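Fold and geometry: a report
Take a look at the letters that make up each chain.
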2 protein chains.
Amino acid sequence: MANSPSSDSMIDRIVRVLETFTADRSVQSASQIGRRAALPSSTAHRIVDELVDAGLLGRDEDRRVHLGMRLWELALRGSTALRLRQAALPYMERVQTHIRQHTQLAVLEQDEALFLERLSHPDAGANITRIAGRLPLHASSSGLVLLAHAPADLRERVLAQPLRALAPETVTDPGRLRRLLAGVRRDGVAIAQGSIESVSTGVAVPIRDAGEVVAALSVVLPRQAPHTAAIIALREAVTGIEATLRSPR
Amino acid sequence: MANSPSSDSMIDRIVRVLETFTADRSVQSASQIGRRAALPSSTAHRIVDELVDAGLLGRDEDRRVHLGMRLWELALRGSTALRLRQAALPYMERVQTHIRQHTQLAVLEQDEALFLERLSHPDAGANITRIAGRLPLHASSSGLVLLAHAPADLRERVLAQPLRALAPETVTDPGRLRRLLAGVRRDGVAIAQGSIESVSTGVAVPIRDAGEVVAALSVVLPRQAPHTAAIIALREAVTGIEATLRSPR
DNA sequence: TCGGCGTCTCCCGTTCAACGGGAATGCGGC
DNA sequence: GCCGCATTCCCGTTGAACGGGAGACGCCGA
């Protein structure tokens, strides 16, 4: 789990420190951070102190450390992620009222699908996806949409790597995937049955900005549920989102 | 506008670079960043390059620079801001359906109100608040709630500073504010008429986690609209949010 | 065609702040 | 008391950050 300190600029170290924070490890001691980020103890304490002084990290009364609001603020204001999310949110809510399941917004980031937003209906079941979480491109409907419209070199690079199966039915054969992706481009929709969990199906469509596919909008349905209503709701939402992206605000 | 390079660690410089990105300046050249962050040109280019390599910044085809998805990801996963927002979002949506205006979630950050979330009904008018935006504590209903329940030393520090008036009716007299804040603590609600814009009124209530006030939930109404429905809707939402925060997930 | 402007890259000698090993202190818990 | 862990302090070393400056490149208007 410990990162090998392959390179070592100040910035790499800061990133390694930030990477030690996850949903289940949101509060840690400076020493823990140091161990997980592969930093010598005294160095880790110094860097953590500096980050706390800058407001990027916060400190509890018991000296334990957590991500700071200021980091959140700096990362969001002026980010394209926020712009996209703001455009999408109202339409995602509308999807949510029709399809009472999970609705998600994902973008391509470092050869994976990064989830920007998730709305979950109270009645819907569990769902792996988390905001700021990732999934492999080949194993989620959102990922398939993003991969299908990605530059060819990226697509080939991903397909050349060994593809992990998240569930028994995950498609990991490059040839079959290539045919799947062609279908996604043709139909404008990706349907992934049991790719992540056997019991559920993902349905995803692309969102375009100035012609380019910039994100994927998806819903997760129970395995046996029909797809047509979902596809219609997603297409309608995309129309609205794309109109919002085009207009100044 | 240019920041004085008061201190100058690597981290300060990075923060200064990130600070140059705002909603209206989301894409800039490396030279622009350097000027705005008060960095020598060659230094600015080097730092920007490093940040791009680390994925914290992204680069367009035309070499202009924007905030990276990876920064967004690192800032959010494991952040308490996300946890709070996730707990609040469904209840904010419910408020939104009753009070068809703006609904906002804010926290205290560095003696200002930092807005974590905003939902806006299509029919509602313009609104200053932006996600990842700030407002002074004394001049918004959310700010008054946060200030009223803040530690006494912070409250006194804020009241001792010269208080800016955002609108003609903004209350800037420390004595009057102190009395206002006592009323907020007593009533459990803050009402700010024309503090930001003459035409609107803010109504805000506190959100508690383990007894501590951690955030404020607010709506912005047209000046003449009645407050009672808003207060009821906000109180109901807070109940739900606090229950969510208490339960594991 | 030319000149000017802004951006970016490259080079290189200087320097000083980051670095981290190690020892010491403090703090529970068994 | 004793151990394990987190944190703090000290200090001599060193190499990487620093930034001034020169020059290349591209764009635009004259």
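Just above sits the structure.
Everything in this summary refers to the structure shown in the same document. For clarity, every value in this text was computed on a predicted model and none was experimentally measured. (Residues numbered from 1 in each chain as written. Chains lettered and ligands numbered in written order. Predicted model: local features only at pLDDT ≥ 70, side-chain atom pairs only at ≥ 80, totals over all residues. Heavy atoms only, no water.)

1. Notes on the overall build of chain A
Scanning chain A from terminus to terminus reveals nine helices and nine strands. The principal-axis extents of the C-alpha atoms in chain A amount to approximately 60 × 40 × 35 Å. Scored against the burial criterion, the 249 residues of chain A give a buried share of 53%. The contacts in chain A between residues at least 6 apart in sequence include a share of 51% that link residues at least 24 apart. On chain A, roughly 11,200 Å² of surface is accessible, and the fraction owed to carbon and sulfur atoms is 51%. (Helix = DSSP H or I, 4+ residues; strand = E, 2+ residues; numbered from the N terminus. Buried < 20%, exposed > 50% of the residue type's maximum accessible area, 1.4 Å probe, protein only. Contact = heavy atoms within 4.5 Å. Areas by Shrake-Rupley, 256 points an atom, 1.4 Å probe, with all protein chains shown as cover.)

2. Quick notes on the protein's contact with DNA strand C
Around DNA strand C sit 13 residues, and of these A:T43, A:R46, B:S31, B:R35 and B:R63 come closest. B:A30 places a main-chain nitrogen or oxygen 3.3 Å from a phosphate oxygen of DNA strand C. Here a phosphate oxygen of DNA strand C sits 2.9 Å away from a polar atom, N or O, in the side chain of B:R63. Secondary-structure elements contributing two or more residues to the surface near DNA strand C are α3 (41-54) of chain A together with α2 (30-36) and α3 (41-53) of chain B. Among the elements that line the surface near DNA strand C, the one with the most residues is α2(B), at four residues. When its residues are assigned to classes, the surface near DNA strand C shows two nonpolar, seven polar and four charged. (Near = heavy atom within 4 Å. Polar contact = N/O pair within 3.5 Å; in protein donor to acceptor, adjacent residues only side chain to side chain. Nonpolar A, V, L, I, M, F, W, Y, C, P; charged D, E, K, R; others polar.)

3. A short note on the relation of the copies chain A and chain B
Screw-axis analysis of chain A against chain B gives a translation of 0.0 Å along the axis, an RMSD of 0.1 Å, and a rotation angle of 180°. The symmetry that links the two subunits is that of a two-fold axis. Closest approach to the rotation axis within chain A is made by the C-alpha atom of A:A75, at a distance of 3.2 Å. Mapped onto chain B, 100% of the interface residues of chain A again fall at the interface, so both copies present the same surface. (Least-squares fit on C-alpha atoms with pLDDT ≥ 70 in both.)

4. Re the sheet that holds strand β8 (residues 200-209) of chain A
All names here are of chain A. The six strands are arranged β6-β5-β4-β9-β8-β7 in an open sheet whose pairing can be described as antiparallel. The strands lining the two open edges of the sheet, one partner per strand, are β6 (134-136) and β7 (190-193). Geometrically, the sheet is characterised by an average inter-axis angle of 30° between neighbouring strands, direction not taken into account. Across ten bridges, β8 lies against strand β9 (residues 212-222) in antiparallel orientation. Residue I207 lies in a different strand from β9, and its bridge partner there is A215. Contacting β4 (102-109), β5 (112-120), β7, β8 and β9, helix α6 (residues 141-148) crosses the sheet at an angle of about 35° to β8. (Pairing = 2+ DSSP bridges. Axes fitted to C-alpha atoms, helices over the stretch in contact; angles between N-to-C directions.)

5. With respect to the protein's contact with DNA strand D
If you check the shell around DNA strand D, you find 13 residues, and the closest are A:S31, A:R35, A:R63, B:T43 and B:R46. In DNA strand D, atoms within 4 Å of the protein come 71% from sugar and phosphate. One of the side-chain N or O atoms of A:R63 is found 3.1 Å from a phosphate oxygen in DNA strand D. For DNA strand D, a base nitrogen lies 3.4 Å from a polar atom in the side chain of B:S42. Secondary structure elements with two or more residues in the surface near DNA strand D: α2 (30-36) and α3 of chain A together with α3 of chain B.

6. Points about the sheet that holds strand β2 (residues 57-59) of chain B
All names here are of chain B. Sheet architecture is open: three strands sit in the order β1-β3-β2, paired in antiparallel fashion. In this open sheet, the two edge strands, each paired with only one partner strand, are β1 (27-28) and β2. In terms of strand pairing, β2 meets strand β3 (residues 65-67) through three bridges, oriented antiparallel. Considered in β3, the bridge of R59 is made with V65. The strands that α3 touches are β2 and β3; relative to β2, the one it contacts most, it runs at about 95°.

7. Side note on the nonpolar core
Among soluble globular proteins, nonpolar side chains are generally buried collectively. Judged by nonpolar contacts, the single largest core of 117 residues is most densely connected at A:L57, A:L217, B:L57 and B:L217. Broken down by element, this core gets its largest block of residues, nine residues, from helix α5 (residues 80-98) of chain B. Apart from residues lying up to four places away in sequence, B:L217 is in contact with B:M92, B:T103, B:Q104, B:L105, B:V203, B:A204, B:V205, B:I207, B:L234, B:A237, B:V238 and B:I241. (Core = buried A, V, L, I, M, F, W, Y, C linked by side-chain atoms within 4.5 Å.)

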